[in-house]
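Observations on the three-dimensional arrangement
Each chain, letter by letter, is given below.
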Amino acid sequence: MTVRHDNVTVSWLGYATVRLESADGTVVYVDPGRYGTLTGEWERDVPHPPGRAYDERDGDLVLVTHDHHYDSDGVRRVASEDATVIAYEAVDAESIRAGGRDVEDLEALPYDVRRVEYGEEATVEGVDLEVLPAFNHPDGPNAPDGDPIHPEGFGCGYRFEVDGTSVCWTGDSDVLDDHGDLEVSLFLPPIGKNFTMNRTEAAELAAAIDPDLVCPIHYNTFPDLEANSRAFAADVAAAGVPVVLDEE
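Every chain begins its residue count from 1, and numbering advances along the sequence as written. pLDDT decides what is reported in this predicted model: residues at 70 or higher carry local features, side-chain atom pairs at 80 or more are listed and counted, and totals for whole chains, interfaces and linings draw on all residues regardless. In computing side-chain properties, one takes all heavy atoms of the structure into account and sets aside hydrogens as well as water.

Once that is clear, we can look at the overall build of the protein chain. Counting its regular elements, the protein chain contains four helices and 13 strands. Note on method: radius of gyration uses C-alpha positions; expected globular size equals 2.2 Å times residues raised to 0.38. The globule rule puts the C-alpha radius of gyration for 248 residues at 18 Å, and the 17 Å found for the protein chain is close to it. Based on the C-alpha atoms only, the size of the protein chain along its principal axes is roughly 45 × 45 × 40 Å. With a 1.4 Å probe rolled over the protein chains alone, any residue whose accessible area is under 20% of its type maximum counts as buried; one over 50% counts as exposed, and the rest are partly exposed. By the burial criterion, 55% of the 248 residues in the protein chain qualify as buried. In what follows, residue pairs with any heavy atoms lying within 4.5 Å of each other are defined as contacts. At a minimum sequence separation of 6, the contacts of the protein chain that also span at least 24 residues come to 62%. Surface accessibility of the protein chain: about 10400 Å² in total, with carbon and sulfur atoms responsible for 41%. Charge assignment in this entry is limited to Lys and Arg as positive and Asp and Glu as negative, and neither His nor the chain termini are counted. Just so you know, the charge point we use is NZ for Lys, CZ for Arg, CG for Asp and CD for Glu. Mean positive and mean negative side-chain charge positions of the protein chain (16 and 52 charges, respectively) differ by 8 Å. Only runs of H or I of at least four residues qualify as helices and only runs of E of at least two qualify as strands under DSSP, and these elements are numbered from the N terminus. Note on areas: Shrake-Rupley, 1.4 Å probe, and residue coverage restricted to the protein chains presented here.

Below is the structure:
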């Protein structure tokens, strides 16, 4: 399923992987790969036929938020030969390998790779980009024994503008104080029941931001991310905010 909004077509490929293509042909991917989302092994119905690997290699810009979403094979499957890969400064392939996942070093990838930090703004491949903080509160449900799963400085979110359409992917984050000040047309919140804001918190944030369209992602990939997406959509719609589910 493909969602069309303003000048952008949006495809959620599973987990946090989203493809956006503008009317002028610019293609942006966020957090490509992991858990079979691009290898044809994921159980959820996806926009490509079951069992078929996704290997489009058409992305002009690839955005990576943090270690949990860095998948070098995923990047290779979506990036064009002359793509630019933007990754948060703390992404650490050595640490990922120490945790048991085999990934290439970012700088070893055959693309223009750039690292960014909180608050940084840039224009890359014609896309205006802002780097947002993303973390779990130390006293919140995603910080067992006060140890956040995503501590401040571990990862980021992105607000970017594609062909005049502003988009926000918060990354793996609780709701933060600054989120309510975001001005965005297309909002891509996580709504799984663990690791990030949950569906109720995401719906409340969507109501506060009041975007032109909400399309939830980062849910139902595995049991710990289960979410009632239709209940989320009902809550958002009840607040008078347009919402769509990119799912069967």
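A separate point is the nonpolar core. Nonpolar cores were defined as sets of buried Ala, Val, Leu, Ile, Met, Phe, Trp, Tyr and Cys residues, with membership established by side-chain atoms within 4.5 Å. The biggest cluster of nonpolar side chains holds 72 residues, and the ones touching the most others in it are Leu63, Tyr70, Val75, Tyr158 and Phe160. The element that contributes the greatest number of residues to this core is strand E6 (residues 79-88), accounting for six residues. Among all residues touching Leu63, those that are not within four sequence positions of it are Val28, Tyr29, Val30, Asp31, Pro32, Ile86, Leu129, Tyr158 and Phe160.

Further remarks concern helix H4 (residues 229-238). For H4, the complete set of buried residues consists of Ser229, Ala231, Phe232, Ala233 and Val236. Buried-residue contacts for H4 involve helix H3 (199-209) and strand E13 (213-214). In protein, a polar contact means a hydrogen-donor-capable atom and an acceptor-capable atom, both N or O and within 3.5 Å, with residues adjacent in sequence counting only if both atoms are side-chain atoms; elsewhere, any N or O pair within 3.5 Å suffices. For H4, the N-terminal capping position is held by Asn228, with its side-chain oxygen 3.2 Å away from the main-chain nitrogen of Arg230.

Attention now goes to a negative patch on the surface. Patch membership requires over 30% relative accessible area and the absence of a salt bridge. Like charges are linked within 9 Å, and nonpolar side chains (Val, Leu, Ile, Met, Phe, Trp, Tyr) within 5 Å. A carboxyl oxygen of Asp or Glu within 4 Å of a side-chain nitrogen of Lys or Arg is what we treat as a salt bridge. Negative charge collects at one region of the surface, where Asp177, Asp178, Asp181 and Glu183 lie side by side. Examined against the element boundaries, Asp181 turns out to sit in the loop between strand E11 (165-169) and strand E12 (186-188). The exposed category is assigned to Asp181, whose relative accessible area is 62%.

Our next topic: the environment of Thr17. Structurally, the position occupied by Thr17 is in strand E3 (residues 17-22). Contact partners of Thr17, with chain neighbours within four places excluded, come to Ser11, Trp12, Val30, Asp31, Pro32, Gly33, Thr37 and Leu38.

For the rest of this paragraph, the subject is the sheet that holds E3. Strand pairing is assigned whenever DSSP identifies at least 2 bridges connecting the two strands. Spatially, the seven strands line up as an open sheet ordered E1-E2-E3-E4-E5-E6-E7, and their pairing is mixed. Edge positions in the sheet fall to strand E1 (3-5) and strand E7 (112-116), since each of these pairs with one other strand and no more. Within the sheet, the average angular offset between the axes of one strand and its neighbour, ignoring direction, is 20°. Looking at chain direction, strand E2 (residues 8-14) and E3 are connected through six bridges and run antiparallel. Axis lines are fitted to C-alpha atoms, over the contacting stretch for helices. Their N-to-C directions set the angle, which ranges from 0 to 180 degrees.

Our focus in this paragraph is unusual backbone geometry. A negative phi angle characterises most non-glycine residues, just as the trans form characterises most peptide bonds. Here the phi dihedral of Arg34 falls at roughly 80°; this positive angle occurs in a residue that is not glycine. Its identity is not glycine, yet Asp145 carries a phi of approximately 60°, on the positive side. Topologically, Asp145 is positioned in the loop between strand E9 (127-134) and strand E10 (155-162).

Our focus in this paragraph is the pairing of E6. Taking burial as the measure, the ten residues of E6 include eight buried ones, the bulk of the element. Relative to E6, strand E5 (residues 59-64) runs parallel, the two being bridged by five bridges. By the bridge assignment for E6, Gly59 is matched with Ala79. The path from the first strand over the helix to the second decides the hand: if it runs clockwise while the strands point away from the viewer, the crossover is right-handed. Taken together, E5, helix H1 (residues 72-78) and E6 form a β-α-β motif whose crossover is right-handed. Crossover connection from E6 via helix H2 (residues 93-98) to parallel E7: handedness right-handed.

Any pair of cysteine sulfurs within 2.5 Å is marked as a disulfide. The final tally for this structure, using the stated rule, is zero disulfides. Cys156 carries a free sulfur, and the closest cysteine sulfur to it, the one in Cys168, is 11 Å from it. Exposure remark for Cys156: the relative accessible area of 1% places this residue in the buried category. The thiol sulfur of Cys215 is not disulfide-bonded, and the nearest other cysteine sulfur, from Cys168, lies at 13 Å.

Looking now at the pattern of salt bridges. Enumeration over the complete set of coordinates arrives at nine salt bridges. Ionic pairing is found between Arg76 and Glu104, a salt bridge with its closest N-O pair at 2.7 Å. Here Arg76, found in helix H1, pairs with Glu104, found in the loop between H2 and E7; they are 28 residues apart in sequence, far enough to count as distant. Classification of Arg76 by relative accessible area gives partly exposed; the value is 29%. Where Asp105 meets Arg97, a salt bridge forms, and the shortest distance between an N and an O atom there is 3.0 Å. Accessibility expressed as a relative area gives 37% for Asp105, which makes it partly exposed. A network of salt bridges, in which partner residues are shared, links Arg19, Glu21 and Asp58.

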